[in-house]
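The chain contents come next:
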Amino acid sequence: QVQLVESGGGLVQAGGSLRLSCAAAGRTFSIYAMGWFRQAPGKEREFVAGISRSGGGTYYVESVKGRFTISRDNAKNTVYLQMNSLKPEDTAVYYCAARGMTYYSTESNDYNYWGQGTQVTVSS
């Protein structure tokens, strides 16, 4: 079992930045690949970024490439999502998720554990 708690969301103007954090408690954090997902009102949850157990492998959905960066600090049991050049269409609840595999997946069903989510709102 692992418990995930996101933080760092908020209201920001278009073009601004936010850094989301996801703190993990429970089993050894380094055994989990991690993902960030988001869900906007009336839309399905979508994959945003993923990172492998070691942090050596990352992947992003096309719409955030070059603007978002996922990273992790296994010593601090935390995964981050640095979001720059934010756009109104980035507005959503952002969730972190963990799966007990070496690499991330873009499919939400492949993740075993989820945080409660943090709201990100980007105003135009």
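Quick look at the structure, then. (Residues numbered from 1 in each chain as written. Predicted model: local features only at pLDDT ≥ 70, side-chain atom pairs only at ≥ 80, totals over all residues. Heavy atoms only, no water.)

Pairing within the open sheet is antiparallel, and its four strands lie in the order β1-β3-β8-β7. Unpaired on one side and paired on the other, β1 (2–7) and β7 (68–73) mark the two borders of the sheet. Recorded for the sheet is a direction-independent mean angle of 15° between the axes of neighbouring strands. Of the strand pairs in this sheet, β7 and strand β8 (residues 78–83) are connected by six bridges, and their pairing is antiparallel. Each residue of the ladder has a partner; that of Asp-73, found in β8, is Thr-78. (Pairing = 2+ DSSP bridges. Helix = DSSP H or I, 4+ residues; strand = E, 2+ residues; numbered from the N terminus. Axes fitted to C-alpha atoms, helices over the stretch in contact; angles between N-to-C directions.)

A positive phi angle is found at Asn-77, which is not glycine, with a value near 55°. Take Asn-77: it is sitting in the loop between β7 and β8. With a relative accessible area of 29%, Asn-77 lands in the partly exposed category. At Ser-85, a position not held by glycine, the phi torsion is positive, near 50°. Tracing the backbone through its elements, the reader meets Ser-85 in the loop between β8 and β9 (92–99). Classification of Ser-85 by relative accessible area gives partly exposed; the value is 40%. (Buried < 20%, exposed > 50% of the residue type's maximum accessible area, 1.4 Å probe, protein only.)

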